[in-house]
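A look at the structure
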Amino acid sequence: PQPAARAGRLCAAEAAAPVRVEVCMNKYCKKRGSAATLELLQQLADGRDDVLVEVADMSHTEHGCFDECTMGPNVRLGGDGPRTD
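Figured I'd write up the structure that's included with this text. Model, not experiment: these values are computed from the prediction.

Taken residue by residue, a regular strand's side chains alternate between the two faces of the sheet. One ladder, built from five bridges, connects strand S1 (residues 19-23) with strand S2 (residues 51-55); its direction is parallel. In the sheet register, Val 21 faces S2, and the bridge partner there is Val 53.

The end-to-end C-alpha distance of helix H3 (residues 34-45), which contains twelve residues, comes to 16 Å, matching closely the 16 Å that a straight helix rising 1.5 Å per residue would cover. Those residues of H3 that fall on the buried side of the exposure criterion are Ser 34, Leu 38 and Ala 45. On an axial view of H3, the arc spanned by its buried residues comes to 45°, and they lie on one face. Across H3 from its buried face, at more than 90 degrees, point the exposed residues Ala 36, Gln 43 and Leu 44. Elements in contact with the buried residues of H3: S1, helix H2 (27-31) and S2. After H3 finishes, the residue Gly 47 shows a positive phi value of roughly 85°.

Bringing the pattern of salt bridges into the picture now. Tallied over the entire structure, the rule returns three salt bridges. Among the ionic pairs, Glu 54 bridges to Arg 20, the shortest N-O distance being 2.4 Å. You can see Glu 54 sitting in strand S2 and its partner Arg 20 sitting in strand S1, a full 34 residues away along the chain. Among the salt bridges present, the one from Asp 50 reaches Arg 48, with a minimum N-O distance of 2.6 Å. For Asp 50, a relative accessible area of 27% gives the class partly exposed. Given a relative accessible area of 45%, Arg 48 falls into the partly exposed group.

Time to look at the sheet that holds strand S3 (residues 75-77). The three strands are arranged S2-S1-S3 in an open sheet whose pairing can be described as mixed. The two strands at the open ends of the sheet, each matched to only one other strand, are S2 and S3. The average angle at which neighbouring strand axes cross in this sheet is 15°, direction not considered. Set on the sheet, H3 makes contact with S1, S2 and S3; between it and S2 the angle comes to about 160°.

About the criteria used
- Residues numbered from 1 in each chain as written.
- Predicted model: local features only at pLDDT ≥ 70, side-chain atom pairs only at ≥ 80, totals over all residues.
- Heavy atoms only, no water.
- Pairing = 2+ DSSP bridges.
- Helix = DSSP H or I, 4+ residues; strand = E, 2+ residues; numbered from the N terminus.
- Expected span 1.5 Å × (residues − 1).
- Buried < 20%, exposed > 50% of the residue type's maximum accessible area, 1.4 Å probe, protein only.
- Arc of directions from axis to C-beta.
- Contact = heavy atoms within 4.5 Å.
- Salt bridge = Lys/Arg side-chain N within 4 Å of Asp/Glu carboxyl O.
- Axes fitted to C-alpha atoms, helices over the stretch in contact; angles between N-to-C directions.

Set out below in C-alpha cells:
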C-alpha cells in the first residue's frame, strides 16, 4: 500500500521513477532458469507502480548478455534500461 498524497503534494516514493529489474534471457541464463526467474519477478511486481520487470536488452554487447554467464541467471536492479550496461 502506498501512502496517500497530502494536500496535492506527492510523496518521494510516488514521484520517483520505478525501480527497473532486468533479467538476462540469453541462452546460458535460460539454461539456468532465467525464464522462471523472470516469471516470478513479474508476479511479485504485478500491480506495483514502483517496480518495472523486463527482459534485458543487451544486444549491443559482444555476447548479447551481462557477460557473467557462470553466475546466471543474471538480474540487474536499477539499470538505465535497454541497450545499457
